[in-house]
Amino acid sequence: MSSWLGGLGSGLGQSLGQVGGSLASLTGQISNFTKDMLLEGTEEVEAELPNSRRKEIEAIHAILRSENERLKKLCTDLEEKHEASELQIKQQSASYRHQLQQKEVEISHLKARQIALQDQLLKLQSAAQLVSSGAGSVPATTASSAFGYGISHHASAFHDDDMDFGDIISSQQEINRLSNEVSRLESEVGHWRHIAQTSKAQGSNSFDQNEIYKLQNIIKELKQNRSQEIDDHQHEMSVLQNAHQQKLTEITRRHREELTDYEERIEELENLLQQGGSGIAVTDHSKVHEMQKTIQVLQTEKVESTKKIEELVNKIEDISKKLSSAENDRDILRKEQERINVENRQIMEECESLKLECSKLQPYAMKQSDAMTEKKRILPQSASVEEVFRLQQALSDAENEIVRLSNLNQDNSLAEDNLKLKRQVQVLEKDNSLLSQEKEELQISLVKLNNEYEVIKSTATRNMDLDSELHDLRLNLEAKEQELNQSITEKEILIAELEELDKQNQEATEHMILIKDQLSKQQTEGDSVISKLKKDLNDEIKKFHQLEDDKMNITKEFNVQKEKLIQSELVLNDLRLTNQKLEDKVEDLVDQLNKSQENNLNIQKENFELKEHIKQKEEELSRVRDELTQSHNQDSKSNFKDDLLKEKEAEVRNLKQNLSEIEQLNENFKKVAFDLKMENEKLILACEDVRHQLEESVAGNNQISLQKHTIVEALKMEKGQLEAELCRAEKRLLEEANKYEQTIEELSNARNLSTSALQLEHEHLIKLSQEKDFEIAELKKSIEQMDTDHKETKKILSSSLEERKQLIQLTNEKEIFIEELKERSSELQEELDKYTQALRKNEILKQAIEEKDRSLGSMKEENNHLKEELERLREQQSRAAPMTEPKTLDSITELESEVLQLNTIKDHLEEEIKQHQRIIEDQNQSKMQLLQSLQEQKKEMDEVKYQHEQMNVTHTQRLVEKDEEIKNLQRTIEQIKTQLHEERQDVPTENTDIFQETKVQSLNIENGSEKHDLSKAETDKLVKGIKERELEIKLLNEKNISLTKQIDQLSKDEVGKLTQIIQQKDLEIQALHARISSASYTQDVVYLQQQLQAYAMEREQMLAVLSEKTRENSHLKTEYHKMIDIVAAKEAALIKLQDENKKLSSTFESSGQDMFRETIQNLSRIIREKDIEIDALSQKCQTLLTVLQTSSTGNEVGGVNSNQFEELLQERDKLKQQVKKMEEWKQQVMTTVQNMQHESAQLQEELHQLQAQVLVDSDNNSKLQVDYTGLIQSYEQNETKLKNFGQELAQVQHSIGQLCNTKDLLLGKLDIISPQLSSESSLTSQSAETLRTIKRDISSESSKQEIEELRKSLQEKDETIRTLQENNHRLSDSIAATSELGRKEHEQTDSEIRQLKEKQDILQKSLKEKDLLIKAKSDQLLSLNENFTNKVNENELLRQAVTNLKERTLILEMEIGKLKGENEKIVETSREKETNYQALQETNMKFSMMLREKEFECHSMKEKALAFEQLLKEKEQVQHLREKESRLNQELERLRNHLLESEDSYTREALAAEDREAKLRKKVTLLEEKLVSSSNAMENASHQASLQVESLQEQLNVVSKQRDEAALQLSVSREQVKQYALSLSNLQMVLEHFQQEEKAMYSTELEKHKQLIAEWKKKAENLEGKLVSLQESLDEANAALDSASRLTEQLDLKEEQIEELKKQNELRQEMLNDVQKKLMNLVNSTEGKVDKVLMRNLFIGHFHTPKNKRHEVLRLMGSILDIKREEIDQLLNEDQGSVTRWMTGWLGGGSKSVPNTPLRPNQQSQFNSSFSELFVKFLETESHPSVPPPKLSVHDMKPLDSPGRRKLETNVPESFKDAAESRPGRRTDVNPFLAPRSAAVPLINPAGLGPAGPGHLLLKPISDVLPTFTPLPVLPDNSAGVVLKDLLKQQ
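Thresholds, definitions, all that
Residues numbered from 1 in each chain as written. Predicted model: local features only at pLDDT ≥ 70, side-chain atom pairs only at ≥ 80, totals over all residues. Heavy atoms only, no water. Phe/Tyr/Trp six-rings, centres within 6.5 Å; stacked < 30°, edge-to-face > 60°. Axes fitted to C-alpha atoms, helices over the stretch in contact; angles between N-to-C directions. Helix = DSSP H or I, 4+ residues; strand = E, 2+ residues; numbered from the N terminus. Parallel < 35°, antiparallel > 145°, perpendicular 65-115°, else oblique. Left-handed = near helix turned anticlockwise from the far one by under 90°. Contact = heavy atoms within 4.5 Å. Core = buried A, V, L, I, M, F, W, Y, C linked by side-chain atoms within 4.5 Å. Buried < 20%, exposed > 50% of the residue type's maximum accessible area, 1.4 Å probe, protein only. Patch = residues over 30% accessible without salt bridge, like charges linked within 9 Å, V, L, I, M, F, W, Y side chains within 5 Å. Areas by Shrake-Rupley, 256 points an atom, 1.4 Å probe, with all protein chains shown as cover. Salt bridge = Lys/Arg side-chain N within 4 Å of Asp/Glu carboxyl O. pLDDT = per-residue confidence, 0-100. Lys, Arg positive; Asp, Glu negative; His and termini not counted. Charge placed at Lys NZ, Arg CZ, Asp CG, Glu CD. Polar contact = N/O pair within 3.5 Å; in protein donor to acceptor, adjacent residues only side chain to side chain. Arc of directions from axis to C-beta.

**Quick word on the packing of aromatic side chains**
The tally for this structure, following the rule as stated, stands at one aromatic pair. Taking 5.3 Å as the distance between ring centres and 80° as the angle between the ring planes, the aromatic pair formed by Phe1739 and Phe1743 counts as edge-to-face.

Set out below in structure tokens:
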């Protein structure tokens, strides 16, 4: 107590010593005051205690110290053990972990790391919680709970073997536990000391102390025991761990051994596979090299190979027929062999049985009666139960012999012998049945061996399976040999018995000898038959080997033919390439022709110019003549004239030079023509070579040649026309030449003309020639543009045709594919129906089998009953008289007949069972086939899905393209509108600018649209875009309708006006022609007009061609849409088929795919609709463009139209480029999609493979389950039998027990009887003595009577003894009999158990065999899978070849399309060729299909070669192969012929083209000649043209007037257009007005909504303000709730501790009462005393307080010093100013340890309140403990009885800090005088927690500075606070 109080005082002194005279002085005074009080009390208590008690306590203390030391040692020992165990555990865990890591590294590194990290995190968290709880909480005082805790931790430490980190944590926990244990023991020592002290004060507690000491000793003992148990447990754990390690090592070793075995097996299998595969690969490679060498030879040998193939096919048919017949023979022979074997064995068995019977019948004649009597005794004893059971079962098989014997032995003497014979026969029959069972098992094993042999043949795993099977067979043979040995021994025993019977029945032996002879004959016959069968089998095997060799030869020849086909394809490709080259040459020639035509036109133009020039010259000449006539008389100017003549001669020379240049040009043309001829000759040579190759196909092309003749005739007609024109041109040229000659003569005459006029004319002519040159250049440009346009249109047409062809091909392919799918689905459905029917039949058969089994069971039961009845009858016969023998014989015969019937039924049932087994095997095979077909179908479905996905991708891409087209069309429509407006206002050249601008815009837009990406997420956007486009399309349609109406009206008006103008101009031109009189002029004009008309006609034709092309385009588009619809229908059909297939394969269904399909279907429909709308719009746009072109022709010159046309073509080129870019992008997307699809296809294939494996495994599992159920049923039956035997045993044991009891009773009785007898004998002797005495004493009469009575009693006793002995003998006999019965039953049970074991062994062997079979089948499956993959690869190669063929055919079609553009007739021929090519493609498809079928058939051939039973099917397939090969050959020949024909036609066309070239070159030469003449004519015409120009100017004036009128009309029409535009604008205005109104409405509503929103925002802000306040209050409430919940948890924990503390409190309460009494005495004694320290502190503190508070301190001091109040007032009134500093110092103003905090406003009022009131409040709070506030940190909470509470609680300030931090802005005010009196009282004033708590300095928290203590509780009535209150009240 003193130490505690001293510690309190010293702590206070240390904490507040520096303050000088501060508040700490008061607390120090109080503490000293209480300390002195308590010291006095303790001294008194110590004085009261006696010395003897103290010594006892000291002794106990010493004992406790020793115990404490011992416990410490124990702790150290435990720690050492713990460390040792930890080391052991670490080593073991390291080894375990090493093994685990080896395994886990194989699985996955990442998972292990993740799990380890998670475990570490969890363990860290748990460790942190445990450490915190360990730091905070200390175990209870009771020893038992602490030790339990420790032990549990030990266990946990031993079990924590997961991680090293976990081991560390567990060790840390152990250390914490041990430290807690030490602290607990120390607290217990203190507790016991305390109790000892209190018990000294109360002397009555000595007895309790002794009891406690005893209990402590008991606890020590228990602890020792516990430690021993823990040591034992640790030892056991180490032992177990060692054992576990050993087990682990063994398991790992076994695992490694198994792994090595498996790896070896896998390597062997892989080697075998590689051998097979490498052989094949090597042979393939060698064949390839050989074939490459022998390609040329094979071409010549093709015909011979076809003949050989036909011969081989015939041979194969013969062989297959022979094979089928051989198979039938073999089956028949097999059946016969089986029957003969069965009969042979039966004969052998019957022979043996008859021998035995004969040997047994002979001795029985002598010993009939003896044997009968002996057998009665011997049979129940000696014959074992097994033999009896066998005899009973064997009755059924030996009835024929019994019947014969019964016929022989009808005599009464042999009847009994017959019965005995039957018994022996039964034994023999039992043996026979056993042998037959063995035979059946051997047959089954043979069948299995055959099957396995075939399997081994097919697979390359021959050695292992054979070894294992040989081993099994050896084991079976050994078992069988053992069984045979047993049966031989039994037979020997039976022979010994039967030798006795042989003597009696000699007649029977003779009969048997005859039978034996017959059987020997039969046996010899059977042996001969068997030998024949063996020979036949060997022959058949040889035949089979021959067939296999033939088959191999056939496959080789098939490969050869395949290679020949490939060569033929290569030849075809070469021919096609040559054809392409020829066509390219033809095209070059055509281009050259075109160029020559263009040159011709240029020459004509130059001729025209020359004519004009000549005319000008002629005019000049006429003028010169006039001048010459005028100036004939002027001789002076002769020199000048000479100069003029020289100039003229120079001009003539120039003209001659021009003519020479033209001639050079002609010569160049001739050279070009010669070169072309040379090339033609070369081509002709090449064509002749081709002709030599393609002579065979001449006959097929007669029709084409006729068509060509017609074309040639037409060309001849054209040629004639051209020749006539050329003749005319020649005449003109001759005339012009004559004119030129005349002019030259005139020029030579005319040399005296003037030069000035000639110079002027010369300049004029030069200007005219320049203008004409410009015009010629413009015309050339326009012609070139036309040519380019023509070529581009041709290209467009060809591309459109190609697209159409591709679409047609696609649709055809899809139709074929759909038909194939339908056929396959129908076939599959038929197969499914067949299999369902077969399954139903199977089920019916199974039911029938079950019924048969049941009937068999019932028959067997009846058989057993009959056997029992037979036994009974035999017993009755043996008992009954010989009179009943004939009846028994009759009954026996009846029973035998019944047994025969039952046997026949049994045989039938067995045959049925075999048939059912065969059917089941067939069905299993068919199931396997079905599975294969299903897998193939699944693969096809995957391909279909892949194609469907591709189609979807293309659809999406087309959607994008169509959207872009729509945008472009919209823009073009807008451009058309703008053009319509601007055409009627501006010059036509402006349109071109607009067009260019719009093109630029459209290009920019299209370039932007190129970047448009598609993804799955954007499908929704697409749908929205489609809807918006639909609206746009509607609007555009409406606009189009209005525009078309307007354009129609305008075009009609304008066309009418233009036609009128043209007619007027034509009339004027005709009038001008009439005026002109000269013939040459008129002819030239006519010629020029014809040329103009020709150009106009050409233009119209071009327009017509364009319109036709547009129509064809639209037609093609409609056809394309139709095709798309067809494709969609086919897709729908496909989807239906897919749904049906999905029902078959439900595993592949998924909801996501269905959704995807629906979305795709919707998109495809939308795409179709959009395509239709786009086509309609494009057609309308094309019509509008044509209308525009026609309208522009009326107003503009031809050059402007050509410019527009150029721009359109440029636009089209740009669009084509963009389309190409789009296609490239599309291809990229397609490639990505294809990659994805390939991956998905691979995954699906893997899925299919897995599913197939699962199906196979499930089948195997089902089979194993069936076997397992059978085994379980047999096992259950055996168990039931065992139970019955057990029950019988129990009954027997019970009966034995009863017999033993009776025996014991009898023996007891015998024991009782024997002493009686002895006593009686003694009595007799005594009685004799007594009698003697009696004789002496008594009379003889009485003695006689007594003797007689004794004799009677003796006789009675003897009788009872005899009866007992007899009973004993009987009991012993019965016991022996029962023991014998028990032995027999035991033997029976043992035999049955043996049989069961044997059956179990057989079943295990069968299971092993099945496992081996499963392994073999799995190997088969692997090989089949490999074959399948090889076939798939071959298929892919063939498909690639087919695709290459398709591409080549497409190239050919492209070329045909180009040729079509040249001539319409050639187009018709090319169409025919296209149909031929389509037929070719179809044949190619068929060819590929046939190849696939061939491959499948080859696969089936291989499978059928493995199994003999499927050779019949092979025959049909061979026939199919023949037919298909013949078909393929026919198709090949047809293809060849077709190719030859097509190439012949091409050669003919090339020749025709060459002819045409020659003709055209001739024409060119003629035209060049005509050009010379036309140049002369042009000069003449130039003069006439000058006259015509003047007339034309006059006409121009007229035309200008007409143009003005037309302009007026145009202005009118434009006004109308403007009106229309105004109406449109009005409509738009109205729409805009509506929109504005709607906007205004929306804006008003928006404003209203905004106002509402603003109001709501204000409300929300208000609510938020409220929410904030509520949130704060909620936070407080939540904090309070959390603390309350924690407190409730603590309360629940502490309530239990309170109950324990209450008991301690009751003891301490008594102590407190005593102490309080002593305190009261002390108070009474110290009332007059004054504490000097207190007064000193008050005095010093007076000078530190503020002046306005010092009077209170003085008053307090006065009250303590008993100074009156009045005197203190007087003193205070005298000096008020000197009190301030004293109060401030006292209140802690000058303290350095406590920080000065700024005061809040609510604290100011409390500060101003009186010091006495505050002091009273402090004392009240001191006396009345406040409720503990809610602590907000869980970790700092401690239980009440923790030993840390008894010490200095230094960690309490942390809780205060936490509390302060949890409530920022609200300080926690704590009373500085508040020293906690118990663990329940906190250091925080609850009033301080509120917002309006006391804020005085005295009430501030001392947690930052002062340590807290737990003083002894004092009653509130007697506390120091009451004393101080009294003092204050006295004031």
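The discussion continues.
**A look at the packing of helix H28 (residues 1732-1742) against helix H29 (residues 1750-1760)**
Relative to each other, H28 and H29 sit at 160°, their axes nearing to 10 Å. Taken together, the axes of H28 and H29 lie roughly antiparallel to each other. Seen from above, H28 lies across H29 with left-handed handedness. Counted together, Leu1734, Met1735, Leu1738, Phe1739 and His1742 of H28 and Arg1750, Val1753, Leu1754, Leu1756, Met1757 and Ile1760 of H29 form the full contact between these two elements.

**Structural notes on the nonpolar core**
Formed by 14 residues in total, the largest nonpolar core has its most connected members in Leu969, Ile973, Ile976, Leu980, Leu1043 and Ile1047. Of all the elements in the fold, those that place two or more residues in this core are helix H19 (885-983), helix H21 (1019-1075) and helix H23 (1151-1195). Listed in part, the 11 residues of the second largest apolar core include Leu589, Leu1540, Ala1550 and Ala1553.

**Description of a nonpolar patch on the surface**
A cluster of nonpolar side chains, contributed by Leu215, Ile218, Ile219 and Leu222, occupies part of the molecular surface with about 350 Å² of accessible area. Mapped onto the secondary structure, Leu215 falls in helix H7 (residues 206-293).

**Structural notes on the pattern of salt bridges**
Scanning the entire structure with this criterion turns up 35 salt bridges. Lys611 serves as the salt-bridge partner of Glu736, at 3.7 Å between the closest nitrogen and oxygen. Residue Glu736 is found in helix H17 (residues 702-749), and its partner Lys611 is found in helix H15 (residues 506-630); the two are separated by 125 residues along the sequence. Neither Glu736 nor Lys611 differs from the other in exposure class; each is buried. For the salt bridge of Lys1410 with Asp1267, the shortest nitrogen-to-oxygen distance reads 2.3 Å. Within this pair, whereas Lys1410 is found in helix H25 (residues 1340-1462), its partner Asp1267 is found in helix H24 (residues 1198-1337), the two being separated by 143 residues in sequence. Here Lys1410 falls in the partly exposed class, since its relative accessible area comes to 29%. Judged by its relative accessible area of 24%, Asp1267 falls in the partly exposed class. Look at the salt bridges and you will find they share partners, linking Glu181, Arg184 and Glu188 into a network.

**Quick word on the confidence of the model for the protein**
Taken over all residues, the pLDDT of the protein has a mean of 76, while the share at 70 or more is 76%. Confidence, expressed as mean pLDDT per element, reaches its minimum in the protein at helix H5 (residues 143-159) with 41 and its maximum at helix H27 (residues 1511-1726) with 88. The model gives residues 1195-1200 a pLDDT under 50, and that stretch makes seven contacts with residues more than four places away or in other chains. Under a pLDDT of 50 for its full length, residues 1777-1807 has, in the predicted model, 106 contacts with residues more than four places off or in other chains.

**Here's the deal with a negative patch on the surface**
Side chains of Glu258, Asp261, Glu263, Glu264, Glu267, Glu268 and Glu270 sit close together on the surface and give a patch of like negative charge. Along the chain, the position of Glu258 falls in helix H7. What makes Glu258 partly exposed here is its relative accessible area of 43%.

**Details of the environment of Asn553**
Within the secondary structure, Asn553 sits in helix H15. Taking the relative accessible area as the measure of exposure, Asn553 reaches 35% and is therefore partly exposed. Counting along the chain gives 241 residues from Asn553 to Leu312, while the straight-line C-alpha distance between them is 9.4 Å.

**Side note on the packing of H29 against helix H30 (residues 1765-1774)**
Following both chains from N to C, one finds H29 and H30 inclined at 150°, their axes separated by 10 Å at the closest point. For the element pair H29 / H30, the angle class is roughly antiparallel. The handedness of the crossing between H29 and H30 comes out as right-handed. On H30, the residues that touch His1751, Leu1754, Arg1755, Gly1758 and Ser1759 of H29 are Ile1768, Asp1769 and Leu1772.

**Section: the side chain of Gln1237**
If you trace the backbone, Gln1237 turns up in helix H24. Among the polar contacts listed, one links the side chain of Gln1237 to the backbone oxygen of Tyr946, at a separation of 3.4 Å. At 2.8 Å, the side chain of Gln1237 forms a polar contact with the side chain of Glu949. Once residues lying within four places of it in the same chain are set aside, the contact partners of Gln1237 are Tyr946, Glu949 and Gln950.

**Some remarks on a positive patch on the surface**
Together, Lys595, Lys791, Lys794, Lys795, Lys1216, Lys1220 and Lys1458 give the surface a local cluster of positive charge. Of all the secondary-structure elements, those providing two or more residues to the positive patch are helix H18 (756-879) and H24. Here the element with the most residues in the positive patch is H18; it accounts for three residues. Note that Lys1458 resides in helix H25. Accessibility expressed as a relative area gives 48% for Lys1458, which makes it partly exposed.

**A closer look at H28**
Along H28, the residues classified as buried are Leu1734, Met1735, Asn1737, Leu1738, Gly1741 and His1742. Burial along H28 is one-sided: seen end-on, the buried residues are contained in an arc of 160°.

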